[in-house]
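What follows is each chain in one-letter form.
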Number of protein chains: 2
Amino acid sequence: MARSRSALLTTPAVPAPSFRDQILQGHCVSQMEMLPAGSVDVIFADPPYNLQLAGDLHRPDQSKVDAVDDAWDQFESFQAYDAFTRAWLLAARRVLKPNGTIWVIGSYHNIFRVGASMQDLGYWILNDVVWRKTNPMPNFRGRRFQNAHETLIWASRDSGAKGYTFNYDSLKAANDDVQMRSDWLFPICTGGERLKDEEGQKLHPTQKPEALLARILLASTKPGDTVLDPFFGTGTTGAVARRLGRHFVGIERDVDYIEAAERRIAAVEPLGAESLEIFGGKRAEPRVPFASLLEAGLIEPGTRLTDAGRRHVAHVRADGTVAVAGEAASIHRVGAKVQGLSACNGWTFWHVEAEGELRPIDELRRLVRERMAQRPA
Amino acid sequence: MARSRSALLTTPAVPAPSFRDQILQGHCVSQMEMLPAGSVDVIFADPPYNLQLAGDLHRPDQSKVDAVDDAWDQFESFQAYDAFTRAWLLAARRVLKPNGTIWVIGSYHNIFRVGASMQDLGYWILNDVVWRKTNPMPNFRGRRFQNAHETLIWASRDSGAKGYTFNYDSLKAANDDVQMRSDWLFPICTGGERLKDEEGQKLHPTQKPEALLARILLASTKPGDTVLDPFFGTGTTGAVARRLGRHFVGIERDVDYIEAAERRIAAVEPLGAESLEIFGGKRAEPRVPFASLLEAGLIEPGTRLTDAGRRHVAHVRADGTVAVAGEAASIHRVGAKVQGLSACNGWTFWHVEAEGELRPIDELRRLVRERMAQRPA
DNA sequence: CGACGGACTGAATCGTAGA
DNA sequence: GTCTACGATTCAGTCCGTC
């Protein structure tokens with residue numbers, strides 16, 4: 001039975017679904033089954049890794065490595081782990097919106113089984129992403145490569161899913177104007193960020209860094225979206241979601257973790273709306289019909305358009321089409337036609353002569369947009 | 001029926017097995033079944049990735065991407081691909097010595113299925129290794145992260161396998177005396193290394209870089225060992241094995257690929273005993289996304305940035321862009337815009353106020369680089 | 001001779017709003 | 001649900017021709 005925990009954000013203007021910004025106590029599958037279908041935008045899942053550690057591991061100085069040996073990471077067999085994996089992935093898929101996406105993190109112990117199950121259940125992988133650790137634990141025995149990364153799988157609910165959120169332009173702008181790659185570099189969660197108990201022992205064995213969650217949420221959600229974390233632990237997802245103006249739903253079995261997560265999330269200061277706007281690039285600009293340039297008097301019917309190399313010439317007609325050799329169509333179609341291509345961006349292809357210089361008609365479109373911004377339609 | 005190809009190395013002192021240093025023509029499973037059980041030290045496998053590409057893809061300049069659409073990469077379903085995968089993995093396991101290891105390379109399209117099958121068949125994963133590409137193909141439509149890596153799985157034949165070869169000390173010595181990590185950085189195979197036909201077209205669509213194979217063989221084999229490649233293609237594994245004084249066995253269906261591989265391998269000059277590290281050289285300083293400063297907590301969303309003369313002010317947003325008068329873009333674009341220039345280095349232009357002093361954000365970038373100091377090369 | 005610019009290329013699961 | 005038109009989208013190279 002679910003125990004509804006205290007809401008952590010103030011009441012929004014529109015009545016919010018009752019499950020938002022709460023931590024549900026219980027098993028991830030049964031709790032997800034109680035959530036409405038198609039109700040969350042993004043899922044982040046950090047499931048048990050099924051580490052299968054045989055004996056204790058000691059450092060060269062004979063100190064014992066504090067391994068992940070919790071009960072929740074014990075499975076009888078690969079088969080049992082697969083059954084668990086399919087069960088929660090299936091329940092998660094029901095809760096996800098049709099255009100929602102899911103992130104799952106794992107290591108080589110489990111990620112291959114998880115990825116295969118995701119494909120089997122109909123999820124469509126968009127990327128695998130590598131979290132490269134700046135400060136991974138060394139391999140103390142010297143028998144393998146230093147295990148310096150973990151793997152994330154980013155997938156949409158269905159193979160044909162359209163319209164999932166990917167903030168391509170803001171990621172690119174934040175990355176020196178080159179597109180964000182599939183390999184990310186972050187330190188592991190240590191220091192003040194790592195939650196500790198009264199004796200200074202780490203509260204959770206696999207707490208993830210907030211920077212990792214921030215990258216994920218900034219890439220694949222918009223402010224106001226809801227992110228579900230079915231393995232909530234000590235609430236990294238909730239803390240980052242709250243700071244970034246996203247809603248969260250957490251599911252966690254362990255009451256101690258839930259209490260730590262609630263304290264942690266309540267202490268988070270949400271950022272203001274002005275800091276949360278997402279840079280959308282050209283895609284986010286309002287669409288301007290070419291005809292608007294004529295209506296605004298920026299271009300006269302009969303004007304000659306040429307490409308940058310003055311190889312092609314077209315004439316503007318009063319109806320907002322352009323003509324080459326008597327054949328008229330949109331600026332895009334005609335631009336494609338004269339180049340023998342299947343597509344063309346007429347805004348950047350065509351130019352007008354102004355004071356002896358060629359200027360792309362895209363400049364005129366920008367003028368129209370600026371005027372529109374001052375006088376919204 | 002196998003067609004035994006010409007031996008490529010001179011006769012060693014001890015009579016060598018007849019299958020060594022040859023390319024066997026035929027299907028990988030039937031050919032492996034004809035090899036003696038427990039006869040090879042290492043297997044390197046670069047199986048079809050099952051890319052499942054739907055339509056054509058064009059670059060922004062409208063040129064068409066030359067996709068991998070070969071018949072050998074077409075499978076009816078995941079089920080068919082899994083059956084193929086299990087068959088060759090099973091045959092490979094029989095040929096492997098009890099203390100041998102196997103490497104398999106793949107992308108997110110297939111590697112999860114391959115990894116799960118390996119675990120199901122009894123292989124024991126030692127590491128997954130990420131090949132980070134210095135120069136991957138971009139994501140032309142801006143709909144996903146740039147797919148900038150491929151994944152390798154390194155596994156022993158059995159879970160309890162003892163005594164597999166791992167040249168820990170030489171790898172560490174070759175890596176500035178720190179352990180070799182699980183993320184490797186190499187360029188893709190281009191230029192003079194890429195085999196071309198008479199018309200200058202690439203001979204094989206997925207030729208792997210020799211540096212990658214050299215790292216693999218130097219890590220997990222000893223001179224004189226035998227490495228089997230059941231998807232030999234144009235023989236990168238054979239060429240590198242011969243140069244490094246290892247024996248090879250290649251299996252390939254396509255006669256044209258075999259002939260190209262034979263010519264290639266015959267031209268290889270075997271080295272002496274000295275080690276070979278191809279891409280260990282200097283790297284440019286790692287690119288640091290501006291977003292990393294936020295992720296590291298060195299800059300808060302909402303922070304004011306100014307230029308050295310305090311003429312311009314910009315506000316940092318959570319997505320890693322900066323805004324002036326409501327218009328947001330990268331630190332570089334906004335820096336250029338406020339100055340009326342076409343370009344600007346935002347790292348040196350923008351400053352933050354700290355204890356009454358202005359400090360360029362480049363100083364914060366240097367801090368991030370210091371924290372992230374590591375040697376993934 | 002070198003410098004520079006333009007063309008070309010690589011394992012790729014690469015639209016969407018509005019009618 | 002389908003159909004149509006809009007119009008957005010690339011990084012690190014190598015190679016070759018021109019200046």
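Criteria and thresholds
Residues numbered from 1 in each chain as written. Chains lettered and ligands numbered in written order. Predicted model: local features only at pLDDT ≥ 70, side-chain atom pairs only at ≥ 80, totals over all residues. Heavy atoms only, no water. Helix = DSSP H or I, 4+ residues; strand = E, 2+ residues; numbered from the N terminus. Rg over C-alpha atoms; globule rule 2.2 N^0.38 Å. Contact = heavy atoms within 4.5 Å. Areas by Shrake-Rupley, 256 points an atom, 1.4 Å probe, with all protein chains shown as cover. Lys, Arg positive; Asp, Glu negative; His and termini not counted. Charge placed at Lys NZ, Arg CZ, Asp CG, Glu CD. Pairing = 2+ DSSP bridges. Axes fitted to C-alpha atoms, helices over the stretch in contact; angles between N-to-C directions. UniProt positions renumbered as here; feature names shortened; annotations may be inferred. Buried < 20%, exposed > 50% of the residue type's maximum accessible area, 1.4 Å probe, protein only. Near = heavy atom within 4 Å. Polar contact = N/O pair within 3.5 Å; in protein donor to acceptor, adjacent residues only side chain to side chain. Nonpolar A, V, L, I, M, F, W, Y, C, P; charged D, E, K, R; others polar. Right-handed = clockwise from strand over helix to strand, strands pointing away. Buried area = accessible area lost by both parts, 1.4 Å probe. Salt bridge = Lys/Arg side-chain N within 4 Å of Asp/Glu carboxyl O. Parallel < 35°, antiparallel > 145°, perpendicular 65-115°, else oblique. Left-handed = near helix turned anticlockwise from the far one by under 90°. Domains from an automatic or database assignment. Core = buried A, V, L, I, M, F, W, Y, C linked by side-chain atoms within 4.5 Å.

Caption draft 1: View of the overall build of chain A. Along chain A, the regular secondary structure elements total 12 helices and 14 strands. Against the compact-globule benchmark of 21 Å for 377 residues, chain A has a radius of gyration of 27 Å, which places it well outside the compact range. In chain A, the proportion of contacts linking residues at least 24 apart, taken out of those at least 6 apart, comes to 68%. A total accessible area of about 17200 Å² is found for chain A, and carbon and sulfur atoms account for 50% of it. Within chain A, one finds 46 positive and 47 negative side-chain charges whose respective centroids are separated by 5 Å.

Caption draft 2: Geometry of the sheet that holds strand β8 (residues 247-252) of chain A. Residues and elements named next belong to chain A. Taking strand neighbours across the sheet as the criterion, the 8 strands line up as β1-β8-β7-β2-β3-β5-β4-β6 in an open arrangement whose pairing is mixed. Looking at strand neighbours, the two that pair on one side only are β1 (22-25) and β6 (183-186), the edges of this open sheet. The average angle at which neighbouring strand axes cross in this sheet is 20°, direction not considered. Two strands pair when backbone bridges link them, and β1 and β8 are joined in this way by 4 bridges, in the parallel orientation. Within the sheet, the bridge partner assigned to I23 lies in β8 and is G250.

Caption draft 3: View of the UniProt feature "domain: RAMA" (unreviewed entry) in chain A. Look at the UniProt record and you will see "domain: RAMA" (unreviewed entry) annotated at residues 280-372 of chain A. Across residues 280-372 of chain A, helical content stands at 32% and strand content at 23%; the span's end C-alpha atoms are separated by 18 Å.

Caption draft 4: Focus on the sheet that holds strand β2 (residues 40-45) of chain B. Residues and elements named next belong to chain B. Spatial ordering of the open sheet is given by β1-β8-β7-β2-β3-β5-β4-β6, a layout of 8 strands whose pairing is mixed. Both edges of this open sheet fall to β1 (22-25) and β6 (183-186), since each of them pairs with a single strand only. Across the sheet, the axes of successive neighbouring strands diverge by a mean angle of 20°, strand direction being ignored. Here strand β4 (residues 124-133) pairs with β6 via 4 bridges, running parallel. For W131, the partnering residue across the bridge sits in β6 and is W184. Across the sheet, helix α5 (residues 210-220) is in contact with β2, β3 (96-106), β4, β5 (149-156), β6 and β7 (226-229); its angle to β6 comes to roughly 140°.

Caption draft 5: The arrangement of helix α9 (residues 331-339) of chain B in detail. Residues and elements named next belong to chain B. Those residues of α9 that fall on the buried side of the exposure criterion are I331, H332, V334, G335 and A336. Those residues of α9 that are buried are in contact with α8 (290-295), β11 (322-324), β12 (327-329), α10 (346-349) and α11 (361-371). Of the residues trailing α9, G340 is marked for its positive phi of about 70°.

Caption draft 6: Broad picture of the protein's contact with DNA strand D. All names here are of chain A. Around DNA strand D sit 29 residues in total, of which Y168, K172, Q179, R287 and N345 are the nearest. Here the atoms of DNA strand D within 4 Å of the protein split so that 61% fall in sugar or phosphate, with bases taking the remainder. The side chain of S330 places a nitrogen or oxygen atom 3.1 Å from a phosphate oxygen of DNA strand D. Contact between DNA strand D and N345: a phosphate oxygen at 2.9 Å from a side-chain N or O atom of the residue. Contributions of two or more residues to the surface near DNA strand D are made by α4 (168-173) and α10 (331-339). The element best represented in the surface near DNA strand D is α4, accounting for 3 residues. Each residue belonging to the surface near DNA strand D can be placed in one class, and the counts come to 9 nonpolar, 10 polar and 10 charged.

Caption draft 7: The pairing of strand β7 (residues 226-229) of chain A, seen in detail. Residues and elements named next belong to chain A. Burial along β7 is two-sided: T226 and L228 facing one way and V227 and D229 facing the other are all buried. Across 2 bridges, the pairing between strand β2 (residues 40-45) and β7 is parallel. Each bridged residue has a counterpart across the sheet, and for V42 the counterpart in β7 is V227. Crossover β7 to β8 through helix α6 (residues 236-243) is right-handed.

Caption draft 8: Quick peek at the protein's contact with DNA strand C. Near DNA strand C lie 41 residues; those nearest to it are B:Q52, B:R59, B:Y108, B:R141 and B:R143. Atoms of DNA strand C within 4 Å of the protein belong to the sugar or the phosphate in 46% of instances, the rest to bases. Here a base oxygen of DNA strand C sits 3.1 Å away from a polar atom, N or O, in the side chain of A:W124. A breakdown of the residues in the surface near DNA strand C according to their chemical character gives 19 nonpolar, 9 polar and 13 charged.

Caption draft 9: Region of interest: the interface of chain B and chain A. Taken together, the 76 residues of chain B in the interface contact 72 residues of chain A. Both faces combined, the contact of chain B with chain A buries some 6600 Å², and carbon together with sulfur accounts for 52% of it. When the buried surface of chain B facing chain A is broken down by residue, B:F112, B:R144 and B:F145 rank first, second and third, together holding 13% of it. Here chain B and chain A share 7 salt bridges between them. Of the charged contacts, one joins A:D177 and B:R333 as a salt bridge, the two residues approaching to 3.7 Å between their closest N and O atoms. Linking chain B with chain A are 39 residue pairs in polar contact (both at pLDDT 80 or more).

Caption draft 10: Up close: the environment of B:R143. Mapped onto the fold, B:R143 is located in the loop between β4 and β5. Judged by its relative accessible area of 31%, B:R143 is partly exposed. Beyond its immediate sequence surroundings of up to four residues, B:R143 is in contact with A:Y164, A:F166 and A:R283.

Caption draft 11: Layout of the side chain of B:H332. Tracing the backbone shows B:H332 in helix α9. Discounting chain neighbours no more than four positions away, the residues touching B:H332 are A:D176, A:D177, B:C344, B:N345, B:G346 and B:W347.

Caption draft 12: Fine view of the packing of helix α2 (residues 78-95) of chain A against helix α3 (residues 111-121) of chain A. Residue and element names in this part refer to chain A. Relative orientation of the contacting elements α2 and α3 amounts to 45°, with a least axis distance of 10 Å. Judged by the inter-axis angle, α2 sits oblique to α3. As for how α2 packs across α3, the hand of that crossing is right-handed. Of α3, the residues touching α2 (which contributes F78, Y81, D82, T85, R86, L89, L90 and R93) are R113, V114, S117, M118 and L121. Residue classes in the contact of α2 with α3 are distributed as 7 nonpolar, 2 polar and 4 charged.

Caption draft 13: Here's a closer look at the domain arrangement of chain A. The domain architecture assigned to chain A consists of domain 1 (22-52 + 64-275) and domain 2 (290-374). Distance from the C-alpha centre of domain 1 of chain A to the C-alpha centre of domain 2 of chain A: 48 Å.

Caption draft 14: View of the nonpolar core. Core analysis: the biggest nonpolar cluster contains 66 residues, and A:W88, A:I102, B:W88 and B:I102 have the highest contact counts within it. Excluding its chain neighbours within four sequence positions, the residues that come into contact with A:I102 are A:I43, A:W88, A:L89, A:A92, A:L96, A:M118, A:Y123, A:I153, A:W154 and A:A155. A:L126, A:Y164, A:A211 and A:F232 belong to the second largest nonpolar core, which has 43 residues in total.

Caption draft 15: Focus on unusual backbone geometry. Of note, the phi angle at A:N50 is positive, near 55°, even though the residue is not glycine. Classification of A:N50 as buried rests on a relative accessible area of 2%. Even without a glycine there, the phi angle at B:D177 is positive, about 65°. Looking at where B:D177 falls in the secondary structure, it is placed in the loop between α4 (168-173) and β6.

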